[in-house]
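The chain contents come next:
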Amino acid sequence: MTVLLLFVAGVGAGLSGSIAGLASLFSYPALLAVGLPATTANVTNTVALAFSTVGQVAGSRPELTGQWPVLRRLAPITLVGGAAGAALVLVTPPETFERIVPFLVGGAAVVLLFQPRIRAAAERRGAPEAGPAVLVGMFLVAVYGGYFGAAAGVLMLALVLIGLPVSLARGNALKAVLLGMANAIAAVGFVVLGVVAWWAVPPLAVGVALGGWCGPKVVRRLPAGPLRVGIALAGLGLAVGLAVQAY
């Protein structure tokens, strides 16, 4: 039953991540539900979700054509940010992390509610080159991605659209690679220095891959707006629940 729960949560995480960028809404609580401490659950969640990046990048190859020079320039920023976020997880006491997470989940849900406005503002303010403010923002989002990461994709996409002259589709592909590198370097750090519950990774990772593959098909058949709002409201409810447990 534990394996089945993690698999179903992984499918939900993959769907939520591909639809609205909030995969941890399903996967992180499921890891808590099977008895993992908060920090171990976050470490295991990051390692499992790192596998989803491979599928996203493979599916975005047409949009990534010609963008490798940009990626080479921005990759060091996100790699260092992801490593810094992972280091923060490893040095944060478990009790402190447990108290911080409700605010991260709640903030991610609020960002998700305002996702269309963030995206529209980013598209209006498009610039020919990523300025220092955008680069600093990318670094901070990468740190957050390595630390916890819920809705980091929404924030990174906004920064990409602000700082680079790219379409939404190409910006989304860039976002997937940049944030995927931050998550991957954090996962490597957790594998080497953290306490990963390896028995939980396979069912969660398989579910995430399946959910991520089905996500675009679901979006084509259901209105994206209500789905996004529903996921965001569920995230706010989860934040309240986690806060009650932590405090």
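Residues numbered from 1 in each chain as written. Predicted model: local features only at pLDDT ≥ 70, side-chain atom pairs only at ≥ 80, totals over all residues. Heavy atoms only, no water.

Caption draft 1: Fine view of helix α3 (residues 38–50). Counted at 1.5 Å a residue, the expected span for α3 with its 13 residues is 18 Å, and the 18 Å between its end C-alpha atoms agrees. Burial of α3 is extensive: 13 of the 13 residues sit out of reach of the surface. (Helix = DSSP H or I, 4+ residues; strand = E, 2+ residues; numbered from the N terminus. Expected span 1.5 Å × (residues − 1). Buried < 20%, exposed > 50% of the residue type's maximum accessible area, 1.4 Å probe, protein only.)

Caption draft 2: Here's a closer look at the packing of aromatic side chains. Counted under the stated rule, the structure contains 4 aromatic pairs. Arranged with centres 6.3 Å apart and planes meeting at 80°, the rings of F103 and Y247 form a pair that is edge-to-face. On the criterion of sequence distance, the pair formed by F103 in helix α7 (residues 94–113) and Y247 in the segment after α13 (224–246) is long-range, its members being 144 residues apart. The pair F103 / Y247 is uniform in exposure class, with both members exposed. Through a chain of ring-to-ring contacts, the aromatic side chains of Y28, F97, Y147 and F148 assemble into a single cluster. (Phe/Tyr/Trp six-rings, centres within 6.5 Å; stacked < 30°, edge-to-face > 60°.)

Caption draft 3: Spotlight on the UniProt feature "transmembrane region" (unreviewed entry) in the protein. With numbering matched to this structure, UniProt assigns "transmembrane region" (unreviewed entry) to residues 30–54, 74–91, 97–114, 150–169, 176–201 and 225–244. Between the end C-alpha atoms of residues 150–169 there is a gap of 21 Å, over a span that is 70% helix and 0% strand. Annotated as 100% helix and 0% strand, the span residues 225–244 places its first and last C-alpha atoms 29 Å apart. (UniProt positions renumbered as here; feature names shortened; annotations may be inferred.)

Caption draft 4: Broad picture of the side chain of T44. Mapping T44 onto the fold places it in helix α3. Using a relative accessible area of 0% as the deciding quantity, one classes T44 as buried. Polar side-chain contacts of T44 include one of 3.0 Å to the backbone nitrogen of A197. (Polar contact = N/O pair within 3.5 Å; in protein donor to acceptor, adjacent residues only side chain to side chain.)

Caption draft 5: Up close: the environment of V34. Examined against the element boundaries, V34 turns out to sit in the loop between α2 (24–33) and α3. Its relative accessible area of 22% is what places V34 among the partly exposed residues. Separated by 29 residues in sequence, V34 and L5 have C-alpha atoms that sit 8.5 Å apart. Discounting residues that sit within four places of it in the chain, V34 has contacts with T2, L5, L6 and W199. (Contact = heavy atoms within 4.5 Å.)

Caption draft 6: Structural view of the nonpolar core. By size, the foremost hydrophobic cluster in this structure holds 59 residues, and its most contacted members are L22, Y28, M138, F148 and F190. For this core, the element with the most residues is helix α11 (residues 168–193), which contributes 8 residues. Discounting residues that sit within four places of it in the chain, Y28 has contacts with A38, A41, N42, N45, F97, V101, F148 and L242. (Core = buried A, V, L, I, M, F, W, Y, C linked by side-chain atoms within 4.5 Å.)

Caption draft 7: Just the packing of α2 against α3, in detail. The interhelical angle for the contact between α2 and α3, taken along N-to-C directions, is 135°, at an axis separation of 9 Å. In terms of orientation, α2 lies oblique with respect to α3. The way α2 lies across α3 gives a crossing that is right-handed. Note on element contacts: α3 touches α2 through A38, A41, N42, T44, N45 and L49, opposite S24, S27, Y28, L31 and L32. When its residues are assigned to classes, the contact of α2 with α3 shows 6 nonpolar, 5 polar and no charged. (Axes fitted to C-alpha atoms, helices over the stretch in contact; angles between N-to-C directions. Parallel < 35°, antiparallel > 145°, perpendicular 65-115°, else oblique. Left-handed = near helix turned anticlockwise from the far one by under 90°. Nonpolar A, V, L, I, M, F, W, Y, C, P; charged D, E, K, R; others polar.)

Caption draft 8: How the structure looks around the side chain of T46. Position of T46 relative to the elements: it lies in helix α3. The exposure class of T46 is buried, given its relative accessible area of 6%.

Caption draft 9: Fine view of the environment of A30. For A30, the position within the fold is in helix α2. Along the chain, A30 and V8 lie 22 residues apart, while their C-alpha atoms are 9.2 Å from each other. Not counting the four nearest positions on each side in its chain, A30 is found in contact with L5, L6 and A9.

Caption draft 10: Representation of α2 in the model. Counting buried positions over the 10 residues of α2 gives 7, a clear majority of the element. Listing the buried residues of α2 in full gives S24, L25, S27, Y28, P29, A30 and L31. Once α2 finishes, G35 follows within two positions and takes phi at roughly 105°, a positive value.

Caption draft 11: Summary view of the confidence of the model for the protein. A residue-level look at the protein finds 89% of positions with pLDDT of 70 or above and a mean pLDDT of 83. Ranking the elements of the protein by mean pLDDT puts helix α4 (residues 52–59) last, at 68, and helix α6 (residues 68–91) first, at 91. (pLDDT = per-residue confidence, 0-100.)

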